[in-house]
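These are the residues of each chain, in order.
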Amino acid sequence: MRPDPTAAPRRLETLAVHAGGEADAHNGAVAPPLHFSTTFKHGPAAERLAGYEYQREGNPTQDRLETALAALDGGEVALVYGSGMAAMTAALECLPAGSEVLIPEDCYAGLRSLAAEFLPERGVTARRVDQCDPSTVAAAMRPAVRMIWAETPSNPQLRIADLAALAQIAKQHGALLAVDNTFATPLLQRPIALGADLVMHSTTKYMGGHSDVMGGALVFARRDGLFDKAAHRRHISGNVLAPFSAWLTLRGLRSLPARMAWHCANARRVAAFFAVQPAVETVFFPGLPTHPNHAVAARQMADFGGMVSVTFKGGREAALAFAGAVQLFTNATSLGGVESLIEHRASVEGPNPVSPPGLLRLSLGLEHADDLLADLACGIAALR
Ligand SMILES: *Cc1c(COP(=O)(O)O)cnc(C)c1O
């Protein structure tokens, strides 16, 4: 009997190319078909003929993407949403009234708003704790805490949380560990293998990878009640991803491993460049041995990611002068695309910014590192 090739364990690079990519059963098309149909033919008593009924509940293009996402993160099942924030909101809305969730001190601004404005309306309390030190998290646990929400590396200060330690704390207290894995992607970090119950992605970033498609995902370690609840809520709330967006995201996933390697290599070069500049105060990059949690990052990540943040001794004024002097880097929000972006975070955080006034966040794209460094040198020159 010939060995079944589908039974062999696959490496992530191979899964990224093939998961959810079966040739079309009807015509053999190798590239995945894109189905726009909102409705699917059923029998006279609503018998499902091919598994589908209505696009909002489920559709073939979305299924391919969810299969691929679950495979990459090592979960049993995944759900995709119209944005990262939609996925995050869906996960946090599964918490019962009266419960608490621990969120990181440094985190995506949308999570902070959700925690401050929306969760209290649902009777859920979010408490911010420093998640870099597991003992601080352990000390913050009490019976009402039903979830630890981690984000590592965090946005924008690239802080690192020890996911295996957090998973252990969560389990000891009967709580769930959910991880925003947007910055790392499953190529660099696999929270479920470290004990997490739930992984969230803004697929708008590295997974889509080309700054042209918005989306979000939840990957569940197990197909259990939490998944059933989230799937039912998505169907009823209509918090869905359009098929074309699912198709573009799946297309992005195929080259994710190759792109991540290049993003990481460019980030390493850029972090090393900033580390020796006298005008720079702090370089935030988990790959630098000077990063306070470098050892944890080296243990739980395959590489250190494509994001670098930096603060200047000249504070806000220097940061703005630097951001105004670069040409190849575009001043824009978001990250994970092929083009390098730079952003003064405090300026986009609204009336009460939480980022240091002198902080710039850089998303390293796929340009040649020498060209990026030459452009950054123009930024440094503008400070003199
Ligand atoms: C962008 C981002 C989000 C939100 O995702 P959207 O797709 O913009 O809604 C959440 N978490 C992190 C870490 C992000 O970078």
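Residues numbered from 1 in each chain as written. Predicted model: local features only at pLDDT ≥ 70, side-chain atom pairs only at ≥ 80, totals over all residues. Heavy atoms only, no water.

## Quick notes on the site of the ligand
Part 1: In the region of the ligand, 16 residues are neighbours, and Met85, Asp180, Ser202, Thr204 and Lys205 sit closest.
Part 2: Glycine 84 has a polar backbone atom sitting 2.8 Å from an oxygen atom of the ligand.
Part 3: At a separation of 2.8 Å, an oxygen atom of the ligand approaches a polar backbone atom of methionine 85.
Part 4: Isolated, the ligand exposes 380 Å² of accessible area, and the fraction of that covered by the protein chains is 95%.
Part 5: Mapped by element, the contributors of at least two residues to the shell around the ligand are α3 (84–92) and β6 (198–202).
Part 6: If you tally residues by element for the shell around the ligand, the top one is α3, at three residues. (Near = heavy atom within 4 Å. Polar contact = N/O pair within 3.5 Å; in protein donor to acceptor, adjacent residues only side chain to side chain. Areas by Shrake-Rupley, 256 points an atom, 1.4 Å probe, with all protein chains shown as cover. Helix = DSSP H or I, 4+ residues; strand = E, 2+ residues; numbered from the N terminus.)

## Thoughts on the domain arrangement of the protein
Part 1: For the protein, the assigned domains read domain 1 (9–254) and domain 2 (256–381).
Part 2: Spacing between the C-alpha centres of domain 1 and domain 2 amounts to 26 Å.
Part 3: Contacts between the two partners involve 36 residues from domain 1 and, on the opposite side, 36 residues from domain 2.
Part 4: When domain 1 packs against domain 2, the two sides together hide about 2,800 Å² of surface, and 62% of this comes from carbon and sulfur.
Part 5: Of all residues in domain 1, Ile160, Leu188 and Tyr206 give up the largest surface area on contact with domain 2, accounting jointly for 27% of the area buried on that side.
Part 6: At the junction of domain 1 and domain 2, the tally comes to one salt bridge.
Part 7: Across the domain 1-domain 2 interface, the total number found is 16 residue pairs in polar contact (both at pLDDT 80 or more).
Part 8: Going through the elements one at a time, α1 (12–18), α4 (109–118), α6 (163–172), α7 (185–188) and α9 (243–254) are the ones with two or more residues in the side of domain 1 that touches domain 2.
Part 9: Considering only residue class, the side of domain 1 that touches domain 2 consists of 19 nonpolar, eleven polar and six charged. (Domains from an automatic or database assignment. Contact = heavy atoms within 4.5 Å. Buried area = accessible area lost by both parts, 1.4 Å probe. Salt bridge = Lys/Arg side-chain N within 4 Å of Asp/Glu carboxyl O. Nonpolar A, V, L, I, M, F, W, Y, C, P; charged D, E, K, R; others polar.)

## Section: the packing of aromatic side chains
Part 1: Scanning the model with the defined rule gives seven aromatic pairs in all.
Part 2: Residues phenylalanine 220 and phenylalanine 227 carry aromatic rings whose centres are separated by 5.4 Å and whose planes lie at 80° to one another, so their mutual orientation is edge-to-face. Residue phenylalanine 220 shares its accessibility class with phenylalanine 227, and that shared class is buried.
Part 3: Relative to phenylalanine 274, the ring of phenylalanine 273 lies with its centre 5.5 Å away and its plane at 70°, an arrangement referred to as edge-to-face. Each member of the pair, phenylalanine 273 as well as phenylalanine 274, is classed as buried.
Part 4: Taken together, the aromatic side chains of Phe273, Phe274, Phe312 and Phe322 make up a single cluster linked through ring pairs.
Part 5: Across the ring face of tyrosine 81, the terminal group of arginine 234 is positioned such that the distance to the ring centre comes to 5.8 Å. (Phe/Tyr/Trp six-rings, centres within 6.5 Å; stacked < 30°, edge-to-face > 60°. Buried < 20%, exposed > 50% of the residue type's maximum accessible area, 1.4 Å probe, protein only. Lys NZ or Arg CZ within 6 Å of the ring centre and 35° of its normal.)

## A short note on the sheet that holds strand β11 (residues 341–344)
Part 1: Across the sheet, five strands lie side by side as β8-β9-β12-β11-β10; this open sheet has mixed pairing. A single partner strand is all that each edge strand has here, and the edge strands are β8 (280–284) and β10 (330–331).
Part 2: In this structure, strand β9 (residues 307–312) lies alongside strand β12 (residues 359–363), joined through five bridges in antiparallel fashion. When the bridges of β12 are listed, valine 308 appears paired with leucine 362.
Part 3: Contacting β8, β9 and β12, helix α10 (residues 256–275) runs over the sheet at an angle of about 15° to β9. (Pairing = 2+ DSSP bridges. Axes fitted to C-alpha atoms, helices over the stretch in contact; angles between N-to-C directions.)

## Describing unusual backbone geometry
Part 1: Cis peptide bonds are those with omega within 30 degrees of zero, and the linkage from threonine 152 to proline 153 qualifies with -5°.
Part 2: As for its position among the elements, proline 153 is in the loop between β4 (145–151) and α6.
Part 3: Following asparagine 155, the chain continues into proline 156 via a peptide bond in cis, with omega recorded as 5°.
Part 4: By the secondary structure assignment, proline 156 is in the loop between β4 and α6.
Part 5: Phi is positive for leucine 158, close to 50°, though the residue is something other than glycine.
Part 6: Looking at where leucine 158 falls in the secondary structure, it is placed in the loop between β4 and α6.
Part 7: If you check the backbone angles, serine 334 has positive phi at about 75° while not being a glycine.

## Points about the pattern of salt bridges
Part 1: Here the structure, examined in full by the defined rule, presents 15 salt bridges.
Part 2: Between glutamate 100 and arginine 142 there is a salt bridge, with the nearest N and O atoms lying 2.9 Å from each other. Taken as a pair, glutamate 100 in strand β2 (residues 100–104) and arginine 142 in the loop between α5 (134–140) and β4 lie far apart in primary sequence, 42 residues in all.
Part 3: For glutamate 100, a relative accessible area of 9% gives the class buried.
Part 4: Looking at arginine 142, the relative accessible area reads 42%, which means it is partly exposed.
Part 5: Across the salt bridge formed by arginine 345 and glutamate 349, the nearest N and O atoms sit 3.8 Å from each other. Of the two residues, arginine 345 and glutamate 349, both sit in the buried class.

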